[in-house]
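Letter by letter, the chains look like this.
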Amino acid sequence: MTNKAMSTLLLASTILASVGLANAQDATLTIESWRNDDLEIWQSKIIPAFEAKHPGIKVKFTPSAPAEYNGVLNSKLDAGSAGDLITCRPFDASLALYEAGHLAPVTDLEGMKNFSSVAKSGWSTDDGSVQFCVPMASVIHGFIYNKDAFDELGLSVPATEAELFAALDKIKADGNYIPMAMGTNDQWEAATMGYQNIGPNYWKGEEGRLALISGEHKLTDEVWTKPYETLARWKDYLGDGFEAQTYPDSQNMFTLGRAAVYPAGSWEISGFNNLADFKMGAFPPPVPNAGDECYISDHTDIAIGMNAKTENAEAAKTFLNWVGSEEFASLYANALPGFFSLSDHTIAMDDPLAQEFVSWRGKCNSTIRSTYQILSRGTPNLENETWNASANVIRGSESPADAGKRLQDGLASWYAPHQ
Amino acid sequence: MSTTGISKRRVRWHIAIFLAPAVLVYTAIMIIPLFGTLQLSLFREIDQKQIFVGLENFRTLLGDPRWSETFWNALGNNSWFFVIHMLVQNPLGILFAALLSSPRLRFSAFYRTAIFVPTILSFVIVGFAWKLILSPLWGIAPNMLDAVGLKSLFAPWLGKPEYALTTLGLISVWQFIGIPMMLIYAALLSIPDEVLEAAECDGITGMQQFWKIKLPLILPSIGIISILTFVGNFNAFDLIYTTQGALAGPNYATDILGTFLYRTFFGFQLQLGDPNMGSAIASLMFLIILAGVSIYLFGIQTRLRRYQF
């Protein structure tokens, strides 16, 4: 059924796309993306800014649903009906597209000069010699809290884990607010806003991430299972029936003012600004012991590349160069507070919450999510297994040590450095 | 269609011509994709090329401890999903049909419609509505239980590994109970009055009449319903996907063959799609359903006694 519906959809979009091409006299660039939330911003801000500077090039933003994006995009590329510009997921999903010849290399583009090697790491070949997408933005993990609730209860922003749990205890004892808004139903919240949020403080960011890739660290090591032990303690502070609480439930719970702390990713900022009618603040993941160096997950999340089979290669290159420019970085970062530019330009941002998030780059060490590079190449998929393990640990149905062992066995079953 | 007496006859082209449209359409959209899937399952992508590997994919699926664990888990869950339908949906369907066909029941048209309506709703609506009803945060289920003092019985059913699949099974029963009810209802209505009157003359009435006269007469319909339920359940996907997502949480407790196939074929999050392994799963699903249907057709249906009036 799904298969049939999908191919009909593809056929329809192919026909529509070709009609569009036939009518246009200028070069028309079509952008494939999973950010359907951003459609309005692209159409009203980003595209007009580009078209004003580059007459003769028209741009169309045609997003699909996030969960289906990878599947839809792969089918479109195989069928030759994909758009000229392709929004790139970080790491292996895009690397596979490059290796299959669907993405053109962009290493030599003028605009690529404005990015550091860390920024480019998400869209480089393993040896770092070729880049195939122009980085657009990263997202930072941390906790967003209800400032009014904190003031009401006389709480200060926690800097260490002990302080965080003390604050949560106080909120729980008061009883007016649910201490923390998170559920395990969708699983990825537990892994992404839980494990990958607090974990870098334990495995020391890049140091631990690279050691895991090289095989020096095992997932059964203390630095990798300790975050699970902390997650297991969160259980007592979540709302009633958190087992069936979904991601939108958690978002609503927090923005309606029913919960005090929300383990977050910075992409929530623009949505929360529109919904919440209380003051919000943010704090980075608290360190285990006072005085520890802090680490944050500053995850390279989104980039844009060029379809290798595009008929408008020159126009597409023009667009990609513009993505590397300061103008784009500033437009994007301010239109979508919470998606932080990866370029070296200094960007002024207006949103206070976004400023707070980005200020942590100055005082903490940045890293990316541990499971994204290389380690999720095989079956079982480490990222998906981490979702499952984090949700299990929070629910209390698997012990942190067992979860670590299961993940390690799964990784060792296909990844040579761990065998 | 007697063949006696005519030894030579002209080729009857019109039969082929009348069959052609259906055969062509059916071949194009069902048979070719089916064989395409079977073929795809015998290949594997190595260095961007499709290489013939024989039954290697099936060996991985059933032999590799990780793949096979997921597969048997999905098959086991799927079987439980089917058992729930057979134990709850079909007996209740028969019961409702029997009640509806009772001439003394008032408002039977209303009941009939009310019970049948969920069947025509989309899976997405059903999944979403039930998710909201059962939501521990905004749902009406906890409040309703609270109102009768049974709040302690409430649990976040969809989030608990031990209840989630059964809950989804019952939601699916709620949605589809109208189909067995309607089929049985039609079968009950087609029983001639003379048979029932003759039974009454012999002193068989009420419950006894149902068990001894009506039930044997509707057995063929029950058989058809069972096989439809079997095929439907082993092809199921939509309800689980809309309520629990492709990872079929919690902890794969609601993973059935359909969601396992989807995850493998199209990929999920960082996991890239693997059309070859996906096709291997699809082929096994096809074989399982084929086996089930064959057992029914040759083992059971031929032994069912039919009555003609």
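Residues numbered from 1 in each chain as written. Chains lettered and ligands numbered in written order. Predicted model: local features only at pLDDT ≥ 70, side-chain atom pairs only at ≥ 80, totals over all residues. Heavy atoms only, no water.

A word on the overall build of chain B
What chain B contains, in helices and strands, is 13 helices and 4 strands. At 24 Å, chain B has a C-alpha radius of gyration far larger than the 19 Å of a compact globule built from 309 residues. Its C-alpha atoms give chain B principal-axis dimensions of about 80 × 80 × 30 Å. Here chain B holds 309 residues, and 39% of them are scored as buried. Taking the contacts inside chain B whose residues are at least 6 apart along the sequence as the reference set, 64% of them involve residues at least 24 apart. For chain B, the exposed area adds up to about 17,800 Å²; of that, 68% sits on carbon and sulfur atoms. A distance of 9 Å separates the average location of the 20 positive side-chain charges in chain B from that of its 15 negative side-chain charges. (Helix = DSSP H or I, 4+ residues; strand = E, 2+ residues; numbered from the N terminus. Rg over C-alpha atoms; globule rule 2.2 N^0.38 Å. Buried < 20%, exposed > 50% of the residue type's maximum accessible area, 1.4 Å probe, protein only. Contact = heavy atoms within 4.5 Å. Areas by Shrake-Rupley, 256 points an atom, 1.4 Å probe, with all protein chains shown as cover. Lys, Arg positive; Asp, Glu negative; His and termini not counted. Charge placed at Lys NZ, Arg CZ, Asp CG, Glu CD.)

Overview of the interface of chain B and chain A
On the chain A side, the residues contacting the 30 residues of chain B number 41 residues. Overall, the association of chain B and chain A removes approximately 3,000 Å² of surface from exposure, summing both partners, and the carbon and sulfur fraction of that is 57%. Summed over the three residues of chain B that lose the most area to chain A, namely B:Leu137, B:Trp138 and B:Leu270, the buried surface amounts to 22% of that side. Across the chain B-chain A interface, the total number found is 1 salt bridge. A salt bridge links B:Lys160 to A:Glu243; the nearest nitrogen and oxygen atoms lie 3.3 Å apart. Run the count over chain B and chain A and you get 7 residue pairs in polar contact (both at pLDDT 80 or more). Among the elements that make up the side of chain B that touches chain A, the one with the highest residue count is helix α11 (residues 238-244) of chain B (3 residues). (Buried area = accessible area lost by both parts, 1.4 Å probe. Salt bridge = Lys/Arg side-chain N within 4 Å of Asp/Glu carboxyl O. Polar contact = N/O pair within 3.5 Å; in protein donor to acceptor, adjacent residues only side chain to side chain.)

Remarks on the packing of helix α11 (residues 222-234) of chain A against helix α18 (residues 400-412) of chain A
Residue and element names in this part refer to chain A. Two elements in contact, α11 and α18, have axes whose closest approach is 8 Å; the angle formed by their N-to-C orientations is 135°. Judged by the inter-axis angle, α11 sits oblique to α18. For the crossing formed where α11 meets α18, the hand is right-handed. In contact with Thr225, Tyr228 and Glu229 of α11, α18 contributes Pro400, Gly404 and Leu407. The residue inventory of the contact of α11 with α18, partitioned by class, reads 3 nonpolar, 2 polar and 1 charged. (Axes fitted to C-alpha atoms, helices over the stretch in contact; angles between N-to-C directions. Parallel < 35°, antiparallel > 145°, perpendicular 65-115°, else oblique. Left-handed = near helix turned anticlockwise from the far one by under 90°. Nonpolar A, V, L, I, M, F, W, Y, C, P; charged D, E, K, R; others polar.)

Things to note about the pattern of salt bridges
Residues and elements named next belong to chain A. This structure, assessed with the given rule, holds 14 salt bridges over all chains. Among the ionic pairs, Asp38 bridges to Arg35, the shortest N-O distance being 2.9 Å. Since its relative accessible area comes to 1%, Asp38 is described here as buried. Across the salt bridge formed by Glu385 and Arg406, the nearest N and O atoms sit 3.2 Å from each other. Placement of the pair is Glu385 in helix α17 (residues 382-395) and Arg406 in helix α18, with a sequence separation of 21 residues. Each member of the salt-bridge network shares a partner with another, and the members are Asp92, Asp126 and Arg377.

A few points about a nonpolar patch on the surface
Residues and elements named next belong to chain B. Side chains of Val25, Tyr26, Ile29, Met30, Ile31 and Phe35 sit close together on the surface and give an oily, nonpolar patch of about 580 Å² of accessible area. Along the chain, Ile31 falls in helix α1 (residues 13-40). Assessed through its relative accessible area of 32%, Ile31 is described here as partly exposed. (Patch = residues over 30% accessible without salt bridge, like charges linked within 9 Å, V, L, I, M, F, W, Y side chains within 5 Å.)

Structural notes on helix α2 (residues 56-63) of chain B
Residue and element names in this part refer to chain B. Within α2, burial applies to Asn57, Phe58 and Leu61. End-on view of α2: buried residues confined to an arc of 95°, all on one side of the axis. Summarising the geometry of α2, the exposed residues directed more than 90 degrees from the buried face are Arg59 and Gly63. Where α2 is buried, its residues contact α1, β1 (43-46), α3 (65-100), α12 (257-266) and α13 (275-300). (Arc of directions from axis to C-beta.)

Notes on the state of the cysteines
Residues and elements named next belong to chain A. If you walk through the whole model with that rule in mind, you get 2 disulfides over all chains. Cys294 shares a disulfide with Cys364; S-S distance 2.0 Å. Here the S-S torsion is close to -95°, and the disulfide linking Cys294 with Cys364 is therefore left-handed. Here Cys294 is found in the loop between β7 (280-283) and β8 (295-306), whereas its partner Cys364 is found in the loop between α16 (352-363) and β10 (365-367), with 70 residues between them in sequence. (Disulfide = S-S within 2.5 Å.)

Topic: helix α8 (residues 188-198) of chain A
When you tally the buried positions in α8(A), you get 10 out of 11 residues, the bulk of the element. For α8(A), the set of buried residues is A:Glu189, A:Ala190, A:Ala191, A:Thr192, A:Met193, A:Gly194, A:Tyr195, A:Gln196, A:Asn197 and A:Ile198.

Remarks on the side chain of B:His85
Along the polypeptide, B:His85 turns up in helix α3. Each residue touching B:His85, except ones within four places of it in the same chain, is listed here: B:Asn90, B:Gly169, B:Ser172, B:Val173, B:Thr229 and B:Asn233.

Thoughts on the environment of B:Leu304
Residues and elements named next belong to chain B. With respect to the helices and strands, the residue Leu304 is situated in the segment after α13. On a C-alpha basis, the gap between Leu304 and Pro220 in space is 6.8 Å, while along the polypeptide they are 84 residues apart. With sequence-adjacent residues up to four places away left out, Leu304 is seen in contact with Leu219, Pro220 and Tyr296.

Structural notes on the pairing of β1(B)
Residues and elements named next belong to chain B. Bridge count for β1 against strand β2 (residues 49-52) is 4 bridges, and the pairing is antiparallel. If you follow Arg44 over to β2, its bridge partner there is Ile51. The hairpin turn running from β1 into β2, its antiparallel successor, is 2 residues long, and Asp47 in that turn takes a positive phi close to 50°. (Pairing = 2+ DSSP bridges.)

Observations regarding the domain arrangement of chain A
Residues and elements named next belong to chain A. Structurally, chain A comprises domain 1 (2-136 + 300-348) and domain 2 (140-298 + 368-418). A separation of 30 Å is found between the C-alpha centroids of domain 1 and domain 2. The partner domain 2 presents 12 residues to the 11 residues of domain 1 that form the contact. Taken together, both faces of the contact between domain 1 and domain 2 bury some 1,100 Å²; the carbon and sulfur share is 57%. Where domain 1 touches domain 2, the interface holds 2 salt bridges. With its nearest N and O atoms 3.0 Å apart, the salt bridge here joins Arg377 to Asp126. Across the domain 1-domain 2 interface, the total number found is 4 residue pairs in polar contact (both at pLDDT 80 or more). Of the residues contributing to the side of domain 1 that touches domain 2, the split by class is 6 nonpolar, 3 polar and 2 charged. (Domains from an automatic or database assignment.)

Description of the nonpolar core
All names here are of chain A. Grouped together as the largest cluster of nonpolar side chains are 81 residues, with contacts concentrated most on Trp42, Val134, Met136, Phe254, Ile304, Phe319 and Tyr332. Sequence-distant contacts of Ile304, that is, excluding residues within four places in its chain, are made with Ile31, Leu85, Ile86, Thr87, Cys88, Cys133, Val134, Met136, Phe319, Leu320 and Val323. Judged by nonpolar contacts, the second largest core, of 41 residues, contains Ile171, Ala190, Tyr195 and Leu219. (Core = buried A, V, L, I, M, F, W, Y, C linked by side-chain atoms within 4.5 Å.)

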